[in-house]
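Overview (structure and organization)
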Amino acid sequence: MPGAPKQVRPKGSSDYLEVMSKAVLQAGISWAVVEKKWPGIREAFSDFDPLAVASIDGKRMTKLAQDPRVIRNRRKLEAIVGNARQMIDLEEQHGSFKKYLRSHGGFEATVADLRKRFKFLGETGCYFFLYVVGEPVPEYHAWSDSRGKRPVHP
C-alpha cells in the first residue's frame, strides 16, 4: 500500500475499534487532519474501550459532537458508537473479533460482511482496516486497479 499506514498487532477489541474508527473518520476527510486530531479523539473515546464507547448515550453524544478535540460529524460519531456495539456482539458470538474476521473464508467475503454490519466502512475503509490490523489483503495496486480506483495516499 503506497504511503502505507503502520500496521498494529491488535491485543484486544479496543485496538480493532480504534483502527476501524480511524477508517470511519478518514472517509472523505484529509488523513492529515484526522492524524493531527487523533490524540484528542482517542481521549474523547476513552481509548476506544468498546464497552465505554458502546455506552455513549444521547446526552453524551451531543457533548461529543461539540467537542473541538474530535471530528464533529455527528453521523460518523454515532457510527463509531454503533460499531462498538456491533463489535461487542460479534465477539460474543465468535469468541473474539479476530475469529469473526477469519470466519468468512477470504478477503472479499470479509469486506462484504464488514460493509453490511458496520457503518461508514466502504471498500477503501475496509481495506485500510484489514491491512492495519494485519489481516490478509490483496496487493494494493492490484486491488485498486481491479476497482478502477486511484491509489490513496495517507
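Up top you'll find the structure we're talking about.
Since this is a predicted model, take the numbers as computed values, not measurements.

Once that is clear, we can look at the nonpolar core. Residues F45, F97, L101, L114, F118 and F129 are the most contacted members of the largest nonpolar core, which totals 47 residues. Beyond its immediate stretch of four places on either side in the chain, F45 contacts V53, I56, L64, L77 and I80.

Now for the packing of helix α1 (residues 13-26) against helix α8 (residues 123-132). Contact geometry of α1 with α8 gives a least axis separation of 9 Å together with a crossing angle of 150 degrees. It follows from the interaxial angle that α1 and α8 lie roughly antiparallel. The handedness of the crossing between α1 and α8 is right-handed. Contacts between α1 and α8 involve Y16, V19, M20, K22, A23 and Q26 on the former and, on the latter, G125, F128, F129 and V132.

On to the side chain of S13. One can find S13 in helix α1. In this structure S13 comes out as buried when scored by relative accessible area, which is 17%. Not counting residues up to four positions away in its chain, the partners in contact with S13 are P50, M87 and E91.

Time to look at α8. Here α8 lies mainly inside the structure; eight of its ten residues are buried. Turning to α8, its buried residues are G125, C126, Y127, F128, F129, L130, Y131 and V132. Structurally, α8 contributes buried residues whose contacts are with α1, α2 (31-44), α6 (97-101), α7 (107-117) and α9 (140-146). Positive phi shows up at G134, right after α8, with a value of about 80 degrees.

What counts as what
Along each chain, residue indices are assigned from 1 in the same order as the chain's sequence is written. It should be noted that, the model being predicted, local features are given only for residues of pLDDT at least 70 and side-chain atom pairs only at 80 or more, the latter also being counted only at that level, while totals for whole chains, interfaces and linings use all residues. Side-chain calculation: all heavy atoms of the structure are included, whereas hydrogens and water are not. Nonpolar cores are built from buried Ala, Val, Leu, Ile, Met, Phe, Trp, Tyr and Cys residues. Side-chain atoms within 4.5 Å join them into one set. Partly exposed residues are those whose accessible area sits between 20% and 50% of the maximum for their type, while under 20% is buried and over 50% is exposed, using a 1.4 Å probe and protein chains only. Contact definition: two residues touch when any of their heavy atoms are within 4.5 Å. Axes here refer to lines fitted to C-alpha atoms; in helices the fit is confined to the stretch in contact. Angles between the N-to-C directions go from 0 to 180 degrees. The helix and strand labels rest on DSSP assignments: H or I over at least four residues marks a helix, E over at least two residues marks a strand, and numbering proceeds from the N terminus. These descriptions rest on fixed angle ranges, namely under 35 degrees for roughly parallel, over 145 for roughly antiparallel, 65 to 115 for roughly perpendicular, and the rest for oblique. Note on convention: the crossing is left-handed when the near helix lies turned anticlockwise from the far helix by less than a right angle, right-handed when the turn is clockwise.

It is worth stressing that arrangement in space is one thing and function is another; only the former is reported here.
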